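Structural characterization, general
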Amino acid sequence: MSIRQEMHFESGVLKVDASGEFSLEEAKRAFLEMLEAVAQYEAEKVLFDGRNLKGEPASIERFYYGYFAATETINLIGIKRMRQAPQFAYVMNEPLRDPQRYGETVAVNRGMNVKTFETPEEAFEWLERPPANKPDG
(Lines give C-alpha, C1' and ligand atoms only; values in the text may rest on other atoms or scores of the structure.)
Protein backbone atom coordinates (compact mmCIF):
# COMPACT_ATOMS: atom_id res chain seq x y z
CA MET A 1 0.00 0.00 0.00
CA SER A 2 1.26 3.48 -0.78
CA ILE A 3 1.13 6.78 1.05
CA ARG A 4 -1.45 9.21 -0.30
CA GLN A 5 -1.29 12.94 0.42
CA GLU A 6 -3.79 15.75 0.02
CA MET A 7 -2.19 19.18 0.16
CA HIS A 8 -3.72 22.61 0.65
CA PHE A 9 -1.96 25.95 1.04
CA GLU A 10 -3.81 28.54 3.11
CA SER A 11 -2.89 31.33 5.49
CA GLY A 12 0.80 30.74 4.85
CA VAL A 13 0.70 27.09 5.90
CA LEU A 14 1.00 24.05 3.65
CA LYS A 15 -1.37 21.49 5.15
CA VAL A 16 -0.69 17.87 4.23
CA ASP A 17 -3.13 15.07 5.11
CA ALA A 18 -1.49 11.69 4.64
CA SER A 19 -2.94 8.19 4.73
CA GLY A 20 -1.77 4.70 3.89
CA GLU A 21 0.93 2.34 5.08
CA PHE A 22 4.43 3.44 6.08
CA SER A 23 7.44 2.10 4.25
CA LEU A 24 10.75 3.93 4.08
CA GLU A 25 10.69 4.19 0.29
CA GLU A 26 7.09 5.46 0.25
CA ALA A 27 7.85 7.95 3.01
CA LYS A 28 10.81 9.30 1.02
CA ARG A 29 8.70 9.58 -2.14
CA ALA A 30 5.92 11.35 -0.23
CA PHE A 31 8.41 13.74 1.38
CA LEU A 32 9.79 14.76 -2.02
CA GLU A 33 6.23 15.34 -3.23
CA MET A 34 5.61 17.52 -0.17
CA LEU A 35 8.85 19.45 -0.79
CA GLU A 36 7.72 20.18 -4.36
CA ALA A 37 4.62 21.86 -2.91
CA VAL A 38 6.77 23.75 -0.38
CA ALA A 39 8.81 25.13 -3.28
CA GLN A 40 5.74 25.87 -5.42
CA TYR A 41 3.97 27.87 -2.70
CA GLU A 42 7.16 29.13 -1.06
CA ALA A 43 5.70 27.79 2.16
CA GLU A 44 7.54 28.66 5.34
CA LYS A 45 5.37 26.43 7.54
CA VAL A 46 4.16 22.87 6.97
CA LEU A 47 1.58 20.95 8.99
CA PHE A 48 1.84 17.25 8.17
CA ASP A 49 -1.12 15.27 9.55
CA GLY A 50 -0.18 11.60 9.52
CA ARG A 51 -2.79 10.33 11.97
CA ASN A 52 -4.25 8.17 9.18
CA LEU A 53 -0.90 6.53 8.45
CA LYS A 54 -0.24 3.04 9.74
CA GLY A 55 3.06 1.38 10.50
CA GLU A 56 5.80 0.90 13.05
CA PRO A 57 9.15 1.98 11.63
CA ALA A 58 12.30 0.34 12.94
CA SER A 59 14.90 2.62 14.54
CA ILE A 60 17.11 2.44 11.46
CA GLU A 61 14.15 3.51 9.27
CA ARG A 62 13.56 6.48 11.57
CA PHE A 63 17.24 7.39 11.22
CA TYR A 64 17.21 7.13 7.43
CA TYR A 65 13.99 9.12 7.08
CA GLY A 66 15.23 11.91 9.38
CA TYR A 67 18.55 12.06 7.56
CA PHE A 68 16.85 12.05 4.14
CA ALA A 69 14.28 14.72 5.09
CA ALA A 70 16.94 17.06 6.50
CA THR A 71 19.26 16.58 3.52
CA GLU A 72 16.50 17.21 0.97
CA THR A 73 15.22 20.25 2.87
CA ILE A 74 18.70 21.79 3.01
CA ASN A 75 19.11 21.07 -0.71
CA LEU A 76 15.80 22.82 -1.42
CA ILE A 77 16.87 25.90 0.53
CA GLY A 78 20.09 26.09 -1.48
CA ILE A 79 18.45 25.54 -4.86
CA LYS A 80 15.47 27.85 -4.31
CA ARG A 81 17.46 30.36 -2.24
CA MET A 82 14.69 30.52 0.31
CA ARG A 83 14.93 33.18 3.01
CA GLN A 84 14.55 30.63 5.77
CA ALA A 85 14.19 26.92 6.29
CA PRO A 86 10.58 25.74 6.32
CA GLN A 87 9.18 24.80 9.71
CA PHE A 88 7.67 21.28 9.73
CA ALA A 89 5.12 20.13 12.33
CA TYR A 90 4.28 16.41 12.14
CA VAL A 91 1.09 15.16 13.84
CA MET A 92 1.11 11.37 14.22
CA ASN A 93 -0.05 8.61 16.50
CA GLU A 94 2.14 6.01 18.14
CA PRO A 95 3.75 3.73 17.06
CA LEU A 96 4.44 5.80 13.93
CA ARG A 97 5.28 8.78 16.17
CA ASP A 98 8.26 7.73 18.21
CA PRO A 99 7.90 8.79 21.86
CA GLN A 100 11.72 8.99 21.95
CA ARG A 101 11.70 11.34 18.91
CA TYR A 102 14.64 9.57 17.29
CA GLY A 103 13.87 10.53 13.68
CA GLU A 104 13.08 14.09 14.75
CA THR A 105 16.40 14.31 16.61
CA VAL A 106 18.31 13.04 13.56
CA ALA A 107 16.66 15.66 11.33
CA VAL A 108 17.12 18.53 13.81
CA ASN A 109 20.78 17.64 14.29
CA ARG A 110 21.20 18.00 10.53
CA GLY A 111 19.61 21.44 10.36
CA MET A 112 15.90 20.76 9.80
CA ASN A 113 13.31 22.79 11.74
CA VAL A 114 10.91 19.97 12.66
CA LYS A 115 8.93 18.69 15.63
CA THR A 116 6.38 15.90 16.17
CA PHE A 117 3.10 16.25 18.03
CA GLU A 118 0.13 14.22 19.25
CA THR A 119 -2.51 16.80 18.29
CA PRO A 120 -3.01 19.43 15.58
CA GLU A 121 -3.62 22.04 18.29
CA GLU A 122 -0.12 21.50 19.71
CA ALA A 123 1.34 21.66 16.22
CA PHE A 124 -0.50 24.90 15.38
CA GLU A 125 0.71 26.46 18.62
CA TRP A 126 4.28 25.55 17.74
CA LEU A 127 3.84 26.92 14.23
CA GLU A 128 2.55 30.13 15.85
CA ARG A 129 -0.68 29.95 13.90
CA PRO A 130 -4.20 29.52 15.22
CA PRO A 131 -6.02 26.38 14.05
CA ALA A 132 -7.99 27.04 10.84
CA ASN A 133 -11.35 26.36 12.53
CA LYS A 134 -10.74 28.89 15.34
CA PRO A 135 -10.95 32.67 14.92
CA ASP A 136 -7.82 34.77 15.27
CA GLY A 137 -6.92 36.01 18.62
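Each remark here, short or long, concerns the structure printed above.
Residues numbered from 1 in each chain as written. Predicted model: local features only at pLDDT ≥ 70, side-chain atom pairs only at ≥ 80, totals over all residues. Heavy atoms only, no water.

Considering the environment of proline 99
By the element assignment, proline 99 lies in the loop between β4 (87-91) and α3 (102-109). Accessibility expressed as a relative area gives 47% for proline 99, which makes it partly exposed. On a C-alpha basis, the gap between proline 99 and arginine 51 in space is 15 Å, while along the polypeptide they are 48 residues apart. (Helix = DSSP H or I, 4+ residues; strand = E, 2+ residues; numbered from the N terminus. Buried < 20%, exposed > 50% of the residue type's maximum accessible area, 1.4 Å probe, protein only.)

Observations concerning empty space enclosed by the protein
Under the counting rule described, the total for this entry stands at one cavity of 30 Å³ or more. Space inside the largest cavity adds up to approximately 410 Å³. Counting residues per element, the ones that place at least two in the lining of the largest cavity are β1 (3-10), α1 (24-41), β3 (45-54), α2 (59-80), α3 and β5 (113-117). Its residues assigned to classes, the lining of the largest cavity comprises 18 nonpolar, four polar and five charged. (1 Å grid on protein atoms, 1.4 Å probe; cavity = no way out; pocket = protein on both sides within 12 Å on 5 of 7 lines; lining within 4 Å. Points joined across faces, edges and corners; volume = space filled by probe spheres on them. Nonpolar A, V, L, I, M, F, W, Y, C, P; charged D, E, K, R; others polar.)

A few points about the pairing of β1
One ladder, built from eight bridges, connects β1 with strand β2 (residues 13-21); its direction is antiparallel. By the bridge assignment, glutamate 6 is partnered in β2 with aspartate 17. Turn length for the β1-β2 hairpin, with the two strands adjacent in sequence and antiparallel, is two residues, and the turn residue serine 11 shows positive phi of about 50°. (Pairing = 2+ DSSP bridges.)

Looking at the nonpolar core
Looking at soluble globular proteins, one finds that nonpolar side chains tend to be buried together. Core analysis: the biggest nonpolar cluster contains 30 residues, and Leu14, Phe31, Met34, Phe88, Tyr90 and Met112 have the highest contact counts within it. Those elements that provide at least two residues to this core are β2, α1, β3, α2 and β4. Here this core takes nine residues from α1, the largest share from any one element. The residues touching tyrosine 90, leaving out its near neighbours within four places in the chain, are Phe31, Met34, Phe48, Tyr65, Val114, Lys115, Thr116 and Phe117. Residues Val13, Leu47, Phe117 and Phe124 belong to the second largest nonpolar core, which totals eight residues. (Core = buried A, V, L, I, M, F, W, Y, C linked by side-chain atoms within 4.5 Å. Contact = heavy atoms within 4.5 Å.)

Structural notes on the environment of alanine 30
Within the element layout of this structure, alanine 30 appears in helix α1. Relative accessible area serves as the criterion here: at 4%, alanine 30 is assigned to the buried category. Placed 76 residues apart in sequence, alanine 30 and valine 106 show a C-alpha to C-alpha distance of 19 Å. Leaving out residues up to four positions away in the same chain, alanine 30 has contacts with Ile3 and Gln5.

Description of the packing of aromatic side chains
The final tally for this structure, using the stated rule, is 10 aromatic pairs. For the ring pair phenylalanine 63 and tyrosine 67, a centre distance of 6.1 Å and an interplane angle of 25° mean the geometry is stacked. You can see phenylalanine 63 and its partner tyrosine 67 sitting in helix α2, four residues apart, about one turn around the helix. Classification of phenylalanine 63 as partly exposed rests on a relative accessible area of 23%. By relative accessible area, tyrosine 67 is classed as partly exposed at 42%. For the pair phenylalanine 117 and tryptophan 126, a centre-to-centre distance of 5.7 Å together with 50° between the ring planes defines the contact as tilted. Each member of the aromatic cluster is reached from another via a ring pair, and the members are Phe31, Phe48, Tyr65, Phe68, Phe88 and Tyr90. (Phe/Tyr/Trp six-rings, centres within 6.5 Å; stacked < 30°, edge-to-face > 60°.)

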